[in-house]
Amino acid sequence: TRSTIRTFWADIWSEGRLQDWNLDRDRLLQAMFDLPADATLPDYCKLVYGEFARHASGAGVRYIGDKNPHYALFLPQLMGLFPEARFIHLVRDYRDNVLSYASVGFDMFSTPALSYRWVHYNRCVLRARSAAPSRFCEVRYEDLVTSPQEALTGICQVLDVEYQDQMMEFDGRSIARKEWHKNLAHGVEARQSNKWKDAMGDRDLRMAEHICDAQGQRYGYRRTTPRY
C-alpha cells in the first residue's frame, strides 16, 4: 500500500550513512509509488541504489554493487532475496586486515577480537559458497593489487560481464566520503599489501597468527611465528 511504501521510505533515512548519498527524497518517494503493484522488497532496495547511482554518475545503470563486510553474516538471506546476485569474496591477509581496522578510529582496537572476526566472516562466506559455488568469486586482495587485470578478468567471468581494457584505467572519480576512504584517490596500489611485515608489533603478530593460522592457510597465508 502507499502507506507501507511511505513507511519504508521514511525508515531509509534512519541509516545515517545515507545522508551522504544526497538523494532527492521526493523523487525517490514518487519513484517508489510508480513501481508496479506486485513489486517486492528487492525491487524497492534496487530502486534506492539505482537512484544513488544515477545521481553519482549521471549515466544509465546496468549493474549495482555494494561492498560491506557485514554482508558475510547475512548471505543466505541475501541469496534468497536477490537470486540474480553474484558475490565477490575479497580475502585480505588477516594481519593487514587487523592493521587496517585498528587505524580507522571507529572499530575495535583489539587484535584478538579483529582476528576472530576475520575467521568468522570468512567461514560464513565459505559456508554460503558451498550451497551455490557458481554465484561466488574468490579473489585474494594481494592478487588484485599485484595482478589487477588477471583478477578483474576472473571477476568479470563470474559476473557475466565482458572484460574491457578501459576497466583498468583509473579515472579519479571515486569519492572519498570518509577519512578512511582517502586511498580511493590513488587507484590500485601494490604497496597496500604486506604492510604488516613492517607495521605490526611482535605481540600482535603472535596473537593474530595463533587465531587465524588455520583459516589463513586456506588462502595461502603462512604464519611466521612459532606455535604456542
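The following paragraphs examine the structure supplied in this document. (Residues numbered from 1 in each chain as written. Predicted model: local features only at pLDDT ≥ 70, side-chain atom pairs only at ≥ 80, totals over all residues. Heavy atoms only, no water.)

### Focus on the overall build of the chain
Here is step 1 of the chain: Check the secondary structure of the chain and you find ten helices and two strands.
Here is step 2 of the chain: For the chain, the C-alpha atoms occupy an extent of roughly 60 × 40 × 35 Å along the three principal directions.
Here is step 3 of the chain: A separation threshold of at least 6 residues defines the contact pool for the chain, and within that pool the share at least 24 residues apart is 62%.
Here is step 4 of the chain: For the chain, the accessible area works out to roughly 14500 Å², and carbon and sulfur atoms hold 52% of it.
Here is step 5 of the chain: Taken as two groups, the 31 positive and 30 negative side-chain charges of the chain have centres that lie 5 Å from each other. (Helix = DSSP H or I, 4+ residues; strand = E, 2+ residues; numbered from the N terminus. Contact = heavy atoms within 4.5 Å. Areas by Shrake-Rupley, 256 points an atom, 1.4 Å probe, with all protein chains shown as cover. Lys, Arg positive; Asp, Glu negative; His and termini not counted. Charge placed at Lys NZ, Arg CZ, Asp CG, Glu CD.)

### As for the environment of Pro112
Here is step 1 of the chain: In this fold, Pro112 is placed in helix α6 (residues 111-131).
Here is step 2 of the chain: Taking the relative accessible area as the measure of exposure, Pro112 reaches 27% and is therefore partly exposed.
Here is step 3 of the chain: Separated by 56 residues in sequence, Pro112 and Ala56 have C-alpha atoms that sit 38 Å apart.
Here is step 4 of the chain: In this structure Pro112 touches Met207 and Ile211, once residues within four positions along its chain are discounted. (Buried < 20%, exposed > 50% of the residue type's maximum accessible area, 1.4 Å probe, protein only.)

### Concerning the layout of surface pockets
Here is step 1 of the chain: Of the pockets and cavities examined, the second largest pocket occupies roughly 190 Å³.
Here is step 2 of the chain: Among the elements of the structure, α1 (2-12), α2 (25-33) and α3 (41-57) are those that each provide at least two residues to the lining of the second largest pocket.
Here is step 3 of the chain: The greatest single-element share of the lining of the second largest pocket, amounting to four residues, is contributed by α1.
Here is step 4 of the chain: A class-by-class count of the residues in the lining of the second largest pocket yields ten nonpolar, three polar and one charged. (1 Å grid on protein atoms, 1.4 Å probe; cavity = no way out; pocket = protein on both sides within 12 Å on 5 of 7 lines; lining within 4 Å. Points joined across faces, edges and corners; volume = space filled by probe spheres on them. Nonpolar A, V, L, I, M, F, W, Y, C, P; charged D, E, K, R; others polar.)

### Description of the nonpolar core
Here is step 1 of the chain: By size, the foremost hydrophobic cluster in this structure holds 17 residues, and its most contacted members are Ile12, Trp13, Leu23, Leu28, Met32 and Val48.
Here is step 2 of the chain: Of all the elements in the fold, those that place two or more residues in this core are α1, α2 and α3.
Here is step 3 of the chain: Broken down by element, the residue count for this core peaks at five residues, all from α2. (Core = buried A, V, L, I, M, F, W, Y, C linked by side-chain atoms within 4.5 Å.)

### A look at the packing of α6 against helix α10 (residues 202-217)
Here is step 1 of the chain: Between α6 and α10, the least distance of the axes is 9 Å, while the angle of their chain directions is 10°. As the angle between them shows, α6 and α10 are arranged roughly parallel. Across the interface between the two elements, Thr111, Pro112, Ser115, Tyr116, Trp118, Val119, Asn122, Arg123 and Leu126 of α6 pack against Asp204, Met207, Ala208, Ile211, Cys212, Gln215 and Gly216 of α10.
Here is step 2 of the chain: Among the residues making up the contact of α6 with α10, the classes are represented as nine nonpolar, five polar and two charged. (Axes fitted to C-alpha atoms, helices over the stretch in contact; angles between N-to-C directions. Parallel < 35°, antiparallel > 145°, perpendicular 65-115°, else oblique.)

### Regarding the environment of Gly65
Here is step 1 of the chain: Within the secondary structure, Gly65 sits in the loop between α3 and α4 (75-81).
Here is step 2 of the chain: Overall, the relative accessible area of 70% leaves Gly65 in the exposed class.
Here is step 3 of the chain: Separated by 20 residues in the primary sequence, Gly65 and Ala85 have C-alpha atoms spaced 9.4 Å apart.

### Focus: the packing of aromatic side chains
Here is step 1 of the chain: Taken as a whole and judged by the stated rule, the model has eight aromatic pairs.
Here is step 2 of the chain: A ring pair is formed by Trp9 and Trp13, whose centres lie 6.3 Å apart and whose planes are at 85°; its orientation type is edge-to-face. Here Trp9 matches Trp13 in class, with each residue buried.
Here is step 3 of the chain: Between Trp21 and Tyr49 the ring centres are 5.6 Å apart and the planes differ by 55°, which places this aromatic pair in the tilted class. Of this pair, Trp21 sits in the loop between α1 and α2 while Tyr49 sits in helix α3, and the two are 28 residues apart along the sequence.
Here is step 4 of the chain: For Tyr49, a relative accessible area of 25% puts it in the partly exposed group. (Phe/Tyr/Trp six-rings, centres within 6.5 Å; stacked < 30°, edge-to-face > 60°.)

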